[in-house]
Amino acid sequence: GCGICVHKCPFNAITIVNLPEELREGCVHRYGVNGFALYRLPVLKEGMVVGILGPNGTGKTTAVRILSGEILPNLCGSNDNWDNVIRMFRGNELQNYFEKLKEGNIKKVVKPQYVDLIPKVVKGKVRDLLTRADEKGVLEKLVQELELLNILDREIQHLSGGELQRVAIAAAMARDADFYFFDEPSSYLDIRQRLKVAKAIRKLAEEGKSVMVVEHDLAVLDYLSDIIHVVYGKPGAYGIFSMPKGTRVGVNVFLEGYLPEENVRFRPYQIRFTKLSERHSQTGDVLVEYPSLIKDYGNFKLEVESGEIYKSEVVSIVGPNGIGKTTFVKMLAGVEEPSEGKVEWELKVSYKPQYIKVDYEGTVYELLSKVDPAKLLSNFYKTELLNPLGLPDLYERKVDDLSGGELQRVAIAACLLRDADLYLLDEPSAYLDVEQRLAVSRAIRHLMEKNEKTALVVEHDVLMIDYISDRIMVFEGEPGKHGKALPPMGMRDGMNRFLSNVGITFRRDPDTGRPRANKEGSVKDREQKEIGEYYYTI
Ligand code: ADP
Ligand code: ADP
Ligand code: MG
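The rules behind these values
Residues numbered from 1 in each chain as written. Chains lettered and ligands numbered in written order. Predicted model: local features only at pLDDT ≥ 70, side-chain atom pairs only at ≥ 80, totals over all residues. Heavy atoms only, no water. Donors = N, O, S within 2.8 Å, 3.2 Å for Na, K, Ca; no water. Helix = DSSP H or I, 4+ residues; strand = E, 2+ residues; numbered from the N terminus. Near = heavy atom within 4 Å. Polar contact = N/O pair within 3.5 Å; in protein donor to acceptor, adjacent residues only side chain to side chain. Areas by Shrake-Rupley, 256 points an atom, 1.4 Å probe, with all protein chains shown as cover. Nonpolar A, V, L, I, M, F, W, Y, C, P; charged D, E, K, R; others polar. Expected span 1.5 Å × (residues − 1). Buried < 20%, exposed > 50% of the residue type's maximum accessible area, 1.4 Å probe, protein only. Contact = heavy atoms within 4.5 Å. Core = buried A, V, L, I, M, F, W, Y, C linked by side-chain atoms within 4.5 Å. Phe/Tyr/Trp six-rings, centres within 6.5 Å; stacked < 30°, edge-to-face > 60°. Lys NZ or Arg CZ within 6 Å of the ring centre and 35° of its normal. Pairing = 2+ DSSP bridges. Right-handed = clockwise from strand over helix to strand, strands pointing away. Axes fitted to C-alpha atoms, helices over the stretch in contact; angles between N-to-C directions. Parallel < 35°, antiparallel > 145°, perpendicular 65-115°, else oblique.

1. Quick word on the coordination of the magnesium ion (ligand 3)
Argument step 1. Protein coordination at the magnesium ion (ligand 3): the donors are Thr 326 (OG1) and Gln 354 (OE1), at 2.1 to 2.3 Å from the metal. Of this pair, Thr 326 sits in helix 11 (residues 325-333) while Gln 354 sits in the loop between strand 17 (349-352) and helix 12 (364-371), and the two are 28 residues apart along the sequence.

2. Quick word on the site of ligand 2
Argument step 1. The local shell around ligand 2 consists of Tyr 297, Phe 300, Pro 320, Asn 321, Gly 322, Ile 323, Gly 324, Lys 325, Thr 326, Thr 327 and Gly 480.
Argument step 2. Tyr 297 places a polar side-chain atom, nitrogen or oxygen, 3.5 Å from a nitrogen atom of ligand 2.
Argument step 3. Across the complex, the protein chains shield 62% of the 570 Å² of accessible surface that ligand 2 would expose by itself.
Argument step 4. Its residues assigned to classes, the shell around ligand 2 shows four nonpolar, six polar and one charged.

3. Looking at helix 18 (residues 491-502)
Argument step 1. In this model helix 18 runs 16 Å from its N-terminal to its C-terminal C-alpha over 12 residues, within 8% of the 16 Å that 1.5 Å per residue would give.
Argument step 2. Along helix 18, the residues classified as buried are Met 491, Gly 494, Met 495, Asn 496, Phe 498, Leu 499 and Val 502.
Argument step 3. Packed against the buried residues of helix 18 are helix 8 (191-206), strand 16 (314-318), helix 17 (462-468), strand 20 (471-478), strand 22 (489-490) and strand 23 (506-508).
Argument step 4. Once helix 18 finishes, Gly 503 follows within two positions and takes phi at roughly 80°, a positive value.

4. Some points on the site of ligand 1
Argument step 1. In the vicinity of ligand 1, the contacting residues are Tyr 31, Phe 36, Pro 55, Asn 56, Gly 57, Thr 58, Gly 59, Lys 60, Thr 61, Thr 62 and Gly 236.
Argument step 2. Between a nitrogen atom of ligand 1 and a side-chain N or O atom of Tyr 31, the distance comes to 3.3 Å.
Argument step 3. Residue Thr 58 places a main-chain N or O atom 3.1 Å away from an oxygen atom belonging to ligand 1.
Argument step 4. Protein contact buries 61% of the 570 Å² of open area that ligand 1 shows by itself.
Argument step 5. Class assignment for the residues of the shell around ligand 1 results in three nonpolar, seven polar and one charged.

5. Points about the nonpolar core
Across soluble globular proteins, nonpolar side chains show a tendency to be buried alongside one another.
Argument step 1. With 124 residues, the main nonpolar core has Leu 130, Phe 182 and Leu 385 as its most contacted residues.
Argument step 2. Sort the elements by how many residues they give to this core and helix 7 (residues 161-174) lands first, with nine residues.
Argument step 3. Not counting chain neighbours up to four residues away, the residues in contact with Leu 385 comprise Ala 413, Leu 416, Leu 417, Ala 443 and Leu 447.
Argument step 4. By size, the runner-up hydrophobic cluster in this structure holds 31 residues, among which are Val 50, Leu 67, Phe 89 and Ile 106.

6. Some words on the environment of Val 399
Argument step 1. Along the chain, the position of Val 399 falls in the loop between helix 14 (379-386) and helix 15 (404-417).
Argument step 2. Separated by 39 residues in sequence, Val 399 and Tyr 360 place their C-alpha atoms 6.4 Å apart.
Argument step 3. Each residue touching Val 399, except ones within four places of it in the same chain, is listed here: Val 358, Tyr 360, Gly 362, Thr 363, Val 364, Leu 367 and Leu 407.

7. Brief notes about helix 1 (residues 60-67)
Argument step 1. Most of helix 1 is tucked away, with six of its eight residues classed as buried.
Argument step 2. Turning to helix 1, its buried residues number three or more, namely Lys 60, Thr 62, Ala 63, Val 64, Ile 66 and Leu 67.

8. Some details on the side chain of Glu 262
Argument step 1. Residue placement: Glu 262 occurs in the loop between strand 10 (258-259) and strand 11 (264-265).
Argument step 2. At 3.1 Å, the side chain of Glu 262 forms a polar contact with the side chain of Lys 245.
Argument step 3. In this view, Glu 262 contacts Tyr 232, Ser 242, Met 243 and Lys 245; residues no more than four positions away in its chain are not counted.

9. Digging into the packing of aromatic side chains
Argument step 1. Counted by the stated rule, this structure contains 14 aromatic pairs.
Argument step 2. When the ring of Phe 89 is compared with that of Phe 98, the centres are 5.3 Å apart and the planes differ by 50°; the resulting orientation is tilted.
Argument step 3. Residue Phe 89 is classed as buried on the basis of its relative accessible area, which comes to 6%.
Argument step 4. Taking the ring centre of Tyr 269 as reference, the NZ or CZ of Arg 267 above it sits at 5.8 Å.
Argument step 5. In this structure, Arg 442 packs its charged tip against the face of Tyr 269, placed 3.7 Å from the ring centre.

10. Concerning the pairing of strand 19 (residues 454-458)
Argument step 1. The buried count for strand 19 comes to five of five residues, which makes it a mostly enclosed element.
Argument step 2. Judged by which residues are buried, strand 19 turns out to be covered on both faces: Thr 454, Leu 456 and Val 458 on one side and Ala 455 and Val 457 on the other are all buried.
Argument step 3. As judged from the four bridges shared by strand 16 and strand 19, these two strands associate in the parallel manner. Residue pairing across strands places Ser 316 opposite Val 457, the latter belonging to strand 19.
Argument step 4. Taken together, the five bridges between strand 18 (residues 422-426) and strand 19 define a ladder with parallel strand orientation. Note on strand 19: the bridge partner recorded for Asp 426 is Val 458.
Argument step 5. The parallel pair strand 18 and strand 19, bridged by helix 16 (residues 434-451), forms a crossover whose chirality is right-handed.

11. Observations concerning the side chain of Glu 384
Argument step 1. Mapping Glu 384 onto the fold places it in helix 14.
Argument step 2. Accessibility expressed as a relative area gives 13% for Glu 384, which makes it buried.
Argument step 3. Within polar-contact distance, the side chain of Glu 384 engages the side chain of His 446 at 2.8 Å.
Argument step 4. Once residues within four sequence positions are removed from consideration, Glu 384 is found in contact with Ala 443, His 446, Leu 447 and Lys 450.

12. Some details on the pairing of strand 13 (residues 293-296)
Argument step 1. Taken together, the four bridges between strand 13 and strand 14 (residues 301-304) define a ladder with antiparallel strand orientation. For Leu 293, the partnering residue across the bridge sits in strand 14 and is Val 304.

13. Focus on the packing of helix 5 (residues 126-133) against helix 7
Argument step 1. Helix 7 packs onto helix 5 with a crossing angle of 25° between their chain directions and a minimal axis gap of 8 Å. Classified by the interaxial angle, the pair formed by helix 5 and helix 7 is roughly parallel. Within the contact between the two elements, helix 5 uses Val 126, Leu 129, Leu 130 and Ala 133 and helix 7 uses Val 167, Ala 170, Ala 171 and Ala 174.
Argument step 2. In the contact of helix 5 with helix 7, the residues fall into eight nonpolar, no polar and no charged.

Honestly, it's all geometry; don't read function into it.
Okay, structure coming up:
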């Protein structure tokens, strides 16, 4: 018998062991006999953006590759034709889609996850690449919407991550297709760029296209999507697509850690966000007052106003790309000398750089034991840091074999294990999935509160900023030319200052307290802009 197909099994399927009973059906694709297995697929809907939310290694990219026709799903057996796939999805919204895909009648385009690989396969100038892609004659509009004018004549080889991302997105949008897939469009982008991209993607749906987006920034996913699928399972082993859900409900049940329709709890705790009224403003002792500083690179100049930081607080550092956030953090870490002013203090600083270099031969466990062997064994650090970040699973791995997200978690753990007064973390959410971002946020918060230490965290993910921050430090200016670092401010003033620069307002979800970006020009957006409350209305 065949227990893994929804309908009659047309081929010899392998039996799957070790899987909950309810999952013995709907297996869509398996990589090799004991490889990763994907259950069910997300829907595609004309005129809608379908958002995909879930951990790394649960089959999101695999689903995109199946729906875009790149992989013929083996139905977890030896299937080798589309007719069986169509049969399996009979009565499902995807039946019709697969019929057209089989006939070759689907025009689709994929923005791949790893934009850093693009320069390896595409050479030449940005303008030429985009001109070749421009089947719809929309290049000029896209260049404006995604702010690409200054880089049109650059070689693709010379682009930064954020520039490559926007070029790849523009190239996909310029294609004349019916189905658009965007795999992690916000990586490397600052908040303003993320929301610009989100708006451009929404426009495709408004034009009647079917759009699917895999995204780990919850504020962006929430803003983008008409419906979402949550993916759950065991990373690397199997992944299951939930039923489609309304965006608000989908994100909320995700934060809850529990899918009611599926009756699955995938996280032991829920995530809640604190309202302004529930936040404690800094009441502790001052840790240090840093002086005003200037760093002049010639082409770029950063001015830092002096400011105070307190014990037991977490301060988020926000601002566009190229405004000097990393430069500031490096000066505090003693990695970069200021051109004017001096960082003279007795503080012990622990620093996680934005770009993590690997020049270590041993395993993850060996590396972390060198930092602090006692903490590695302490129950407190296991509960608050090591287990939530999934580090025990990485202990035996060689540091130089780790993926970007694995390396990021090791670097964060190494930084937080070190004994210090001040922790500096530059973009800790890069390469992490939503679940890991939430785990990192919780770990930073708890460790600073319980150990009465201080953290400064450079971050672009609004939900993470909201979750971890006591106060916020805003960087303003002209990216790539000059930047100004304002002293840390309370959340209300800081978010107002920052978001008015960006031109986006947020409201709060009544159930979870999470921030949700208002659609531009909506009633709430206009009201909040009028009274100058970009972030807190109560
Ligand atoms: P996600 O996009 O959710 O991070 P992927 O779909 O990329 O997940 O991968 C899901 C799992 O399938 C991972 O464990 C990955 O290692 C495995 N996998 C992906 N592609 C292949 C492949 N071509 N062969 C074998 N295993 C693969
Ligand atoms: P952010 O972290 O806000 O993205 P950075 O501090 O990394 O910004 O960079 C600010 C500006 O300073 C950028 O234009 C960058 O190119 C420039 N810059 C950074 N480091 C150097 C350096 N060592 N020499 C010259 N310019 C630099
Ligand atoms: Mg930086």
